[in-house]
Protein chains: 2
Amino acid sequence: MDKRKAILEAAVELIAEKGYTHTSMQQIADSVGVSKGSLYTFFPSKEDLIISIYEHYQQLVFERAFVVGLDGNLPPYERFAKQFQVQFEGILEYKSYMKMHMRGESAQSSEKLEGMGHRMRGRLFSWLERNLIGLYGEEITPYKWDLMWMTQSIYTSYTGLMITSESDLAPDQLGKHLVRQIDILAKDYLSGNSSPLLDDEMMRPFSVGMDREGAFTSFAKRENAWKSLYESIHQHKQSNYYLEVTDRISEESRKSTPDEIVMRGLFHLLKSEETLSEKAQLLEEQLLPPSN
Amino acid sequence: MDKRKAILEAAVELIAEKGYTHTSMQQIADSVGVSKGSLYTFFPSKEDLIISIYEHYQQLVFERAFVVGLDGNLPPYERFAKQFQVQFEGILEYKSYMKMHMRGESAQSSEKLEGMGHRMRGRLFSWLERNLIGLYGEEITPYKWDLMWMTQSIYTSYTGLMITSESDLAPDQLGKHLVRQIDILAKDYLSGNSSPLLDDEMMRPFSVGMDREGAFTSFAKRENAWKSLYESIHQHKQSNYYLEVTDRISEESRKSTPDEIVMRGLFHLLKSEETLSEKAQLLEEQLLPPSN
DNA sequence: CGTAAAAATGACTATTGAGTCAAGCACATT
DNA sequence: AATGTGCTTGACTCAATAGTCATTTTTACG
C-alpha cells in the first residue's frame, strides 16, 4: 500500500473540510492511522506536505484537457467544449482537492506555492489563448484578454458550483454552455460593438513565459511525448485508425485507476507500426511503470 | 478619535496582508499603538473582532448600490450600470477590506459569519433579479439563474482584478461593460438560442428569504427610510427638483467622509416642503449623528 | 486640587500544535 | 538465529499566541 499517497489523500480531505491552519498534523496522522512522527518520514514539514498535495493533483486535473487538445480529429469548436468537459470531469473526480484549492488559505504564501499558482494561471491563459486564436484567428487578439478573463471567471465559478452544491451539473453540458457563451461574446467583439477593457499592460502578471523551469518537469515530458506521438500519427496514411487507438489510450489514462493491461495492449498496437514505435514507446514509459 | 474604528482599520489592513491566522492580536495592538489588553475592552475576542469588521464594512460597500437603485430618474439600463459603477467605486475605496474578504480565510467558520455571508449572497442575487426583471420583464425568469450566476462570476472576478492589480480599471467603464455583457447574453437567451443550465432547485442555497432577521437592522432601517423618501418624492408635483436634492444627498453620503454641513443643508431643503418633511427627518436621523 | 471612576497596561497563564528523537519493531538477508 | 536496515512510535521540546487580571495612568468633575 502506498502510504505516501494515503497521507496525501487524507490530508486533502481534512484540509478541504477545515482549512489548512485548522488541520493539525496529528489529525492527519490519526485519519491515516499512523503516528505523527511517521508523517515526517514522508514529508519534511507541514508546508512540504501541502506543496506535495498541489504537485500531485494539479497536473492530474489540468493534463486531461491538454491531451484532448492535441487530437486534431474534432472540429475546433467541439474540441474546445470537449476540453472543458474533460476538465469538469476531472474536477468532479478530485472534488476534495478542488475544495481545498478554492479555500485558497494555505501556508503563509511560500515562494514555492506562489510560483506554482502563477505557473498554473499562466498555463490556463496560454491554453485559452491558443484555443481562441484557433477559433477566431488573429483578429481576436485585441479582445483576447477580455474574453480570457471572462471565460476564466465563469469557468471558476462553475467549478465552485460543482464542488459545493450537491446538484449534478453535467460536465458535457457545462462545457458546451461555456463555449457557447464565449462564442457569443467573441462575435460581439468581432462585430465591433464593444471595445476591450483589458490589455497586455495590465495583464502582464498573468502572462507567463511558458518556457520557465518549474515543478512540472515530469508533466512537461509527458506533454511532449503526447505531442510528438500525435504529430507522427497525423503524418501517417492510416492516421484515423491510430488516432482511435491513441484516443482510447488518452481516455484510459484519464481514469483515476487506469487499466494497465488495456493500456499495454493499446501501446502494443501502436508499437507494431514501425513509424510510430519509437514515440509510442516514449509515451508508454511516461504513463506506465516499467514492466518488470 | 474613535479608537474602535482605528482598531478595525488596522486589523483589516493586517489581515488583508497576512491572513487571519497569521495576524496576532499583539500585532494589531502594536499597529494601532495600544496595548493588547486594550483591544479586549472593545472586542471580547479575536473572532468578535473579525465579525465586527465584516459588520462594519459589508453594508458600506453594498448600501451604495442599493440607494442608486431607488432613484427612478435614470433609465433602467443606465441605472443598472450606474449601480455596478458605484459598487466598484466602493470596492476601490475599501480595497483592504475587500482583499481580506477575498482571502476568505477567517475564524473557523463561525455560525455568525456564515449566516452573514449567506445573507449577503442572497441580497446580491435578489438585487440582480430585481434588475434583470426590470430590464427584460418576466420572460427572463427561466434564464435568470444562469444570467445571475454568470454576472456574479464576472463581477467577482473583476473585483479581484481591481484589488490585486495596480492597473486602474475605471469603475464607470467596468459597470457599462458588465451590463453590456449581461445584455448580450440575455438577448441570446430570449431569442431562444440557448437553454438554461441552472434552476430553482439547484440554486436553492442561494435564494434567501430576504425577510430573515439578522445583523443588518440598522441598514434595513436606513433602507426603508430611503425607500419611503423616494416614494414620497415621486408623488410630488415638483419631483424633479426634490429628486435632484435627494440624489445629491445620496452622493454625499457615499463619500468616505461626508460633509455634515452640506447634508444638513440639503435635508433642510427637503424638510421645508411639508409633504416630505417627515420622511426626510427620518432619513436624516439614520444618516447623521443627532445634532446637539 | 483631590478623589473616584474609567481606561490602559503588560506581565502572566494556559493551550495548542509543529517538529524531534531515542527507543522499539518488523522484516529481509545470510 | 543473528544481524542489519529502515519504518514506526509517542513522549518531549519549544515557540507562538489568545485571553486574563492586578496594577498604573488618565480623565472627569466637585
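Each remark here, short or long, concerns the structure printed above.
About the criteria used
Residues numbered from 1 in each chain as written. Chains lettered and ligands numbered in written order. Predicted model: local features only at pLDDT ≥ 70, side-chain atom pairs only at ≥ 80, totals over all residues. Heavy atoms only, no water. Helix = DSSP H or I, 4+ residues; strand = E, 2+ residues; numbered from the N terminus. Rg over C-alpha atoms; globule rule 2.2 N^0.38 Å. Buried < 20%, exposed > 50% of the residue type's maximum accessible area, 1.4 Å probe, protein only. Contact = heavy atoms within 4.5 Å. Areas by Shrake-Rupley, 256 points an atom, 1.4 Å probe, with all protein chains shown as cover. Lys, Arg positive; Asp, Glu negative; His and termini not counted. Charge placed at Lys NZ, Arg CZ, Asp CG, Glu CD. Axes fitted to C-alpha atoms, helices over the stretch in contact; angles between N-to-C directions. Parallel < 35°, antiparallel > 145°, perpendicular 65-115°, else oblique. Left-handed = near helix turned anticlockwise from the far one by under 90°. Nonpolar A, V, L, I, M, F, W, Y, C, P; charged D, E, K, R; others polar. Expected span 1.5 Å × (residues − 1). Near = heavy atom within 4 Å. Polar contact = N/O pair within 3.5 Å; in protein donor to acceptor, adjacent residues only side chain to side chain. Buried area = accessible area lost by both parts, 1.4 Å probe. Least-squares fit on C-alpha atoms with pLDDT ≥ 70 in both. Patch = residues over 30% accessible without salt bridge, like charges linked within 9 Å, V, L, I, M, F, W, Y side chains within 5 Å. Salt bridge = Lys/Arg side-chain N within 4 Å of Asp/Glu carboxyl O.

**Let's talk about the overall build of chain A**
Step number 1: The helix and strand tally for chain A stands at 14 helices and 0 strands.
Step number 2: When its helices and strands are written in sequence order, chain A yields α-α-α-α-α-α-α-α-α-α-α-α-α-α.
Step number 3: Taking 2.2 N^0.38 as the reference for a compact globule, 292 residues should give roughly 19 Å; the C-alpha atoms of chain A span a radius of gyration of 21 Å, in line with that estimate.
Step number 4: Principal-axis analysis of the C-alpha atoms gives chain A an extent of 60 × 55 × 40 Å.
Step number 5: In chain A, which comprises 292 residues, the share counted as buried stands at 50%.
Step number 6: Here the contacts in chain A between residues at least 6 apart in sequence split such that 73% fall between residues at least 24 apart.
Step number 7: If you sum the accessible surface of chain A, you get close to 13800 Å²; carbon and sulfur atoms cover 49% of it.
Step number 8: Taking the 33 positively charged and 43 negatively charged side chains of chain A as two groups, their mean positions are separated by 3 Å.

**Quick look at the packing of helix 8 (residues 144–164) of chain B against helix 9 (residues 171–190) of chain B**
Residues and elements named next belong to chain B.
Step number 1: Where helix 8 meets helix 9, the closest approach of the two axes is 10 Å, and the angle between their N-to-C directions is 155 degrees. By the angle class used here, helix 8 and helix 9 are roughly antiparallel. Crossing hand, helix 8 versus helix 9: right-handed. For the pair helix 8 and helix 9, the contacting residues are D146, L147, M150, T151, I154, Y155, Y158 and M162 in the first and P171, L174, H177, L178, I182, L185, A186 and Y189 in the second.
Step number 2: Class assignment for the residues of the contact of helix 8 with helix 9 results in 13 nonpolar, 2 polar and 1 charged.

**Brief notes about helix 8 (residues 144–164) of chain A**
Step number 1: Taking 1.5 Å per residue, 21 residues should reach 30 Å; helix 8 of chain A reaches 30 Å between its end C-alpha atoms and fits that length.
Step number 2: Buried residues dominate helix 8 of chain A, accounting for 19 of its 21 residues.

**Here we look at the protein's contact with DNA strand D**
Step number 1: In the vicinity of DNA strand D there are 14 residues, among which A:K3, A:S35, B:M25, B:K36 and B:K46 approach most closely.
Step number 2: A distance of 2.5 Å is found between a phosphate oxygen of DNA strand D and a side-chain nitrogen or oxygen belonging to A:K3.
Step number 3: B:M25 places a main-chain nitrogen or oxygen 2.6 Å from a phosphate oxygen of DNA strand D.
Step number 4: At the level of secondary structure, the elements contributing two or more residues to the surface near DNA strand D comprise helix 3 (36–42) of chain A together with helix 3 (36–42) of chain B.
Step number 5: If you tally residues by element for the surface near DNA strand D, the top one is helix 3 of chain A, at 4 residues.
Step number 6: In terms of residue class, the surface near DNA strand D is made up of 4 nonpolar, 7 polar and 3 charged.

**Points about the interface of chain B and chain A**
One frequently used descriptor of interface size is the decrease in accessible area upon assembly of the parts.
Step number 1: The interface is formed by 33 residues belonging to chain B together with 32 residues belonging to chain A.
Step number 2: Across the chain B to chain A interface the summed buried area is about 2900 Å²; carbon plus sulfur atoms make up 68%.
Step number 3: The largest share of the area that chain B buries against chain A comes from B:W149, B:L161 and B:L197, three residues that together contribute 18% of it.
Step number 4: For the interface between chain B and chain A, the tally reads 10 residue pairs in polar contact (both at pLDDT 80 or more).
Step number 5: For the side of chain B that touches chain A, the secondary structure elements donating two or more residues are helix 8, helix 9 and helix 10 (200–203) of chain B.
Step number 6: Here the side of chain B that touches chain A is composed, by residue class, of 15 nonpolar, 13 polar and 5 charged.

**Here's the deal with the protein's contact with DNA strand C**
Step number 1: Near DNA strand C, the surroundings consist of A:T23, A:S24, A:M25, A:K36, A:Y40, A:S45, A:K46, B:K3, B:V34, B:S35, B:G37 and B:S38.
Step number 2: Near the protein, meaning within 4 Å, the atoms of DNA strand C are sugar or phosphate in a fraction of 61%, with bases accounting for the rest.
Step number 3: A:M25 has a polar backbone atom sitting 2.9 Å from a phosphate oxygen of DNA strand C.
Step number 4: In this structure, a phosphate oxygen belonging to DNA strand C sits 2.7 Å away from a main-chain N or O atom of B:S35.
Step number 5: Elements with a contribution of two residues or more to the surface near DNA strand C: helix 3 of chain A together with helix 3 of chain B.
Step number 6: In terms of residue class, the surface near DNA strand C is built from 3 nonpolar, 6 polar and 3 charged.

**A few points about the relation of the copies chain B and chain A**
Step number 1: Rotating chain B by 180 degrees and moving it 0.1 Å along the rotation axis overlays it on chain A with an RMSD of 0.1 Å. Put plainly, the chains are arranged around a two-fold axis.
Step number 2: A symmetric contact is evident, with 97% of the interface residues of chain B recurring at the interface of chain A.

**Focus: the packing of helix 13 (residues 260–271) of chain B against helix 14 (residues 274–287) of chain B**
Residues and elements named next belong to chain B.
Step number 1: Here helix 13 crosses helix 14 at 160 degrees, and the two axes come no closer than 8 Å. Considered as vectors, helix 13 and helix 14 are oriented roughly antiparallel to each other. Relative to helix 14, helix 13 is oriented so that their crossing is left-handed. Residues M263, R264, F267, L270 and K271 of helix 13 lie in contact with helix 14, whose contacting residues are L276, S277, A280, Q281, L283, E284 and L287.
Step number 2: The class makeup of the residues in the contact of helix 13 with helix 14 is 7 nonpolar, 2 polar and 3 charged.

**With respect to a negative patch on the surface**
Residue and element names in this part refer to chain A.
Step number 1: A contiguous patch of negative charge, built from D2, E9, E13 and E17, is present on the exposed surface.
Step number 2: Following the sequence through the fold, E9 ends up in helix 1 (residues 3–18).
Step number 3: Its relative accessible area of 37% is what places E9 among the partly exposed residues.

**Brief notes about the pattern of salt bridges**
Step number 1: As enumerated under the stated definition, the model contains 12 salt bridges over all chains in all.
Step number 2: Its salt-bridge partner being A:E201, residue A:R204 comes within 3.0 Å of it at the nearest N-O pair.
Step number 3: The exposure class of A:E201 is exposed, given its relative accessible area of 54%.
Step number 4: The partner of B:K271 in a salt bridge is B:E284, with the nearest N and O atoms 2.6 Å apart.

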